[in-house]
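# Working through the structure, step by step
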Amino acid sequence: MKQDLQELLARLGENGDLVVREFRLRGTHPAAMVFFSSLVNLEQVREHVLKPLIAPYPVQPELPGDSGSIIHYLWSTVVEVTQGTACADLAELPPAAVKGELILLIDGVPEALRMEMRQIEMRGVEQPQTEQVIRGPREGYVEKLENNLSLLRYRLQSTDLRIETSPLGTRTQSRVALCYIDGIADSSLVAEAMRRISLIHTDGILDAGYIEQFIEDQPLSPFPQVQSTERPDKTAAALLEGRVAVLVDGSPFALIVPALFNQFFQTVDDYTERFIMGSLIRMIRLIALAFSLFFPALYVSVISFNPELLPTDFAVAISGGRAGVPFPAVLEVLIMEVSMEVLREATIRLPQMIGGALSIVGVLVIGQAAVGAGLASPITVVIVALTTIGSFATPAYNAAIALRMLRFPLIILAGMFGLYGVMIGTILILNHLLYLESFGVPYMTPYIPGNWRDLRDTLVRAPLWWMRRRPSFLHPRDPDRLSAGVPSRKVDGILRQGDGTDD
């Protein structure tokens, strides 16, 4: 035992939180426990492992005479631990210790006993910060993988839910969980997700965002091709559609694949509200999207090249407002847009209370001062403010960033070529969107290629009892959401029997 213990300590190195507790098993056999005090609960180690091991005969049954069966005897009779295993390979002990396992070495016994004692303090389940809803569940993921999987299993209490975990990162050994529903998810999609994750060879995975950058189809595209969410209910809904989710230990975000363009503008509120309200809110959100992307470019093109498109009185008012501004419209808008992006970034990075005060100062004081100093016209301030508000209406943060970044080349094209420039920029963006794919699914699905049945959950949100089938582009093994023969829709106050086919 002495030699094994010295070799184990040599591999673990000198650490302030490394504990080596030597004692005599039942007062006879020399033994030693090795663990990191920062990873385990010391009280549990003392009560459930050390005290039963030290307790002498006849308080505890006598040890077997055969040294080869001592480990099995201790595990089945003495220690009060849920998970553990015997290990004869000394090379496996150091990685187990750094993961939070307790190593028990006994003199004269060829095997060591590894016991799972990991306990890490984590924050509690709170409302997601980036995906808040008016009507819907309030719980969000935390950093601990076990907690996140329990939240997911709470939502999907099905024996078909499959969770496959594997370590990733040569140094961090971060546990990655691939989740899908057997019987719904396409097996080729699951295999492709596993393949892409298995190809990741890096020294550290510290967040789900690391994996996203390795598995997405087009890393150079500004548009996200993997959906990230803090919400277990959103993950459960995606799994029920036939998608695959990836969770990482230490990250409060789950990744959902494949991710398509229309997903980034849908929220939980769309489905928890009645379908009419959900559809109206979704259309308003899409209008805000177009607003945030095209409004500054259209303003620049009309002011610079086609002022005759405006009503005469309005054009005169704009000209009067811009009378003292020394810059052309395109430069004026770019200055204000860049200022707004700097203000937004500073507001996010500062503490919440200071950030709120800074945003008020930036928007009210600096905006008014810019107009007074002749750096910008009032109408430009209004245009930039409306554009910024429109970008806030985009639910997905990464999709909103993509639109914000594409706004600048559109403004420059509008300043160079007017409406033709806006049209060229729009065609290039649409062409790029049509080129993109996410795990083999065209990014603009179901708009292009068009599918009437799948269009029921895009621009508008059809009634739940009308969406009988899962999205066909995911090729689900079980295509039906609603069971045949079950009352599925309500017409004129009468529940009709579903016939198992689409309306």
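Refer to the preceding data block for the structure.
These lines cover the structure that appears in this document, whether it is placed above or below. It should be emphasised that the depicted structure is a prediction, and the values quoted were computed from it without experimental measurement. (Residues numbered from 1 in each chain as written. Predicted model: local features only at pLDDT ≥ 70, side-chain atom pairs only at ≥ 80, totals over all residues. Heavy atoms only, no water.)

Here we take up the overall build of the protein chain. Each helix and strand counted, the protein chain has 16 helices and 14 strands in total. Its C-alpha atoms give the protein chain a radius of gyration of 30 Å, more than 25% over the compact-globule value 23 Å for 503 residues. Oriented by its inertia axes, the alpha-carbon framework of the protein chain measures out at about 105 × 65 × 40 Å. Relative to its full complement of 503 residues, the protein chain shows a buried share of 44%. Considering only contacts in the protein chain between residues 6 or more positions apart, those separated by 24 or more positions represent 64%. Split by element, the accessible area of the protein chain, about 25100 Å² in all, is 61% carbon and sulfur. Between the mean site of the 43 positive side-chain charges and the mean site of the 54 negative ones, the protein chain shows a separation of 5 Å. (Helix = DSSP H or I, 4+ residues; strand = E, 2+ residues; numbered from the N terminus. Rg over C-alpha atoms; globule rule 2.2 N^0.38 Å. Buried < 20%, exposed > 50% of the residue type's maximum accessible area, 1.4 Å probe, protein only. Contact = heavy atoms within 4.5 Å. Areas by Shrake-Rupley, 256 points an atom, 1.4 Å probe, with all protein chains shown as cover. Lys, Arg positive; Asp, Glu negative; His and termini not counted. Charge placed at Lys NZ, Arg CZ, Asp CG, Glu CD.)

Here we take up the pattern of salt bridges. Under the definition given, this model contains 34 salt bridges. Note that Arg118 and Asp249 form a salt bridge whose closest N and O atoms lie 3.7 Å from each other. A residue pair is termed long-range when its members are at least 10 positions apart, and Arg118 in the loop between β5 (112-116) and α5 (145-155) and Asp249 in the loop between β9 (244-248) and β10 (254-257) qualify at 131 residues. A relative accessible area of 14% places Asp249 in the buried class. Two residues, Asp457 and Arg282, come together in a salt bridge whose shortest N-O distance is 2.9 Å. Residue Asp457 is found in the loop between β12 (441-442) and β13 (487-491), and its partner Arg282 is found in helix α10 (residues 275-304); the two are separated by 175 residues along the sequence. In this structure, Asp457 and Arg282 share a single accessibility class: buried. Within this structure, Glu337, Glu341, Arg344, Arg404 and Arg407 form a network of salt bridges that share partners. (Salt bridge = Lys/Arg side-chain N within 4 Å of Asp/Glu carboxyl O.)

In this model helix α12 (residues 329-349) runs 30 Å from its N-terminal to its C-terminal C-alpha over 21 residues, within 8% of the 30 Å that 1.5 Å per residue would give. Among the residues of α12, those classed as buried are Ala329, Val330, Glu332, Val333, Leu334, Met336, Glu337, Met340, Glu341, Leu343 and Arg344. (Expected span 1.5 Å × (residues − 1).)

To continue, consider the pairing of strand β7 (residues 174-181). Counting buried positions along β7 gives seven out of eight residues, so the element sits mostly inside the fold. As paired elements, β7 and β9 share four bridges and run antiparallel to each other. Bridge pairing in β9 places Cys179 opposite Ala245. (Pairing = 2+ DSSP bridges.)

Before going further, it helps to spend a moment on the sheet that holds strand β2 (residues 29-36). If you walk across this open sheet you meet the five strands as β1-β2-β4-β5-β3, and the pairing is antiparallel. The sheet is open, and its two edges are formed by β1 (18-25) and β3 (84-87), each paired on a single side. Going from strand to strand, the sheet's axes swing by 20° on average, the running direction of each strand aside. Bridge analysis of β2 against strand β4 (residues 101-106) gives four bridges, and the strand direction is antiparallel. Each bridged residue has a counterpart across the sheet, and for Ala31 the counterpart in β4 is Ile106. Strand contacts of helix α2 (residues 42-54): β1, β2, β4 and β5, with the helix running at about 20° to β1, the strand carrying the most contacts. (Axes fitted to C-alpha atoms, helices over the stretch in contact; angles between N-to-C directions.)

With that out of the way, let us pick up the side chain of Arg404. Counting through the fold element by element, Arg404 comes out in helix α15 (residues 397-417). For Arg404, a relative accessible area of 6% gives the class buried. A polar atom in the side chain of Arg404 sits 2.7 Å from the side chain of Glu341. If near-sequence neighbours (up to four positions away) are discounted, Arg404 is found in contact with Glu341, Arg344, Ser391 and Tyr397. (Polar contact = N/O pair within 3.5 Å; in protein donor to acceptor, adjacent residues only side chain to side chain.)

The subject of this paragraph is the pairing of β2. Most of β2 is tucked away, with six of its eight residues classed as buried. Alignment of β1 against β2, held across eight bridges, turns out to be antiparallel. Within β2, the residue paired with Phe23 across the bridge is Ala31. Between β1 and β2, which follow one another and run antiparallel, lie three residues, and Arg26 among them has a positive phi close to 55°.

A few words on the packing of α15 against helix α16 (residues 419-435). For the pair α15 and α16, the least separation of the axes is 6 Å and the interaxial angle reads 145°. Relative to α16, the crossing made by α15 is right-handed. Between α15 and α16, the residues in contact are Leu406, Leu410, Leu413, Ala414 and Phe417 and Leu419, Tyr420, Gly421, Val422, Gly425, Thr426 and Ile429, respectively. A per-class count over the contact of α15 with α16 returns nine nonpolar, three polar and no charged. (Left-handed = near helix turned anticlockwise from the far one by under 90°. Nonpolar A, V, L, I, M, F, W, Y, C, P; charged D, E, K, R; others polar.)

The next subject is unusual backbone geometry. Note the cis peptide between Val257 and Pro258, where omega equals -10°. Structurally, Pro258 can be placed in the loop between β10 and α9 (269-272). Of note, the bond from Ile448 into Pro449 is cis; its omega dihedral lies within 30 degrees of zero at -5°. Tracing the backbone shows Pro449 in the loop between β12 and β13. The phi dihedral of Gln173 falls on the positive side, at around 50°, and the residue is not glycine. Examined against the element boundaries, Gln173 turns out to sit in the loop between β6 (161-168) and β7.

Moving on to the sheet that holds strand β8 (residues 227-229). Taken in spatial order, the five strands make up an open sheet running β6-β7-β9-β10-β8, and their pairing is antiparallel. Only two strands of the sheet have a single neighbouring strand rather than two, namely β6 and β8. Taken over all neighbouring pairs, the strand axes of this sheet differ in orientation by 25° on average, direction set aside. Sitting on the sheet, α5 touches β6, β7 and β9, and the angle it makes with β7 is about 10°.

If you check helix α14 (residues 378-392), its first and last C-alpha atoms are 21 Å apart, about what 15 residues at 1.5 Å a residue would give, namely 21 Å. Of the residues making up α14, those classed as buried are Thr380, Ile383, Val384, Thr387, Thr388, Gly390 and Ser391. Mapping the buried residues of α14 onto a view down its axis gives an arc of 160°, with all of them on the same face. Relative to its buried face, α14 has exposed residues pointing more than 90 degrees away, namely Ile389 and Phe392. Looking at the packing, one finds that the buried side of α14 touches α10, α12 and α15. (Arc of directions from axis to C-beta.)

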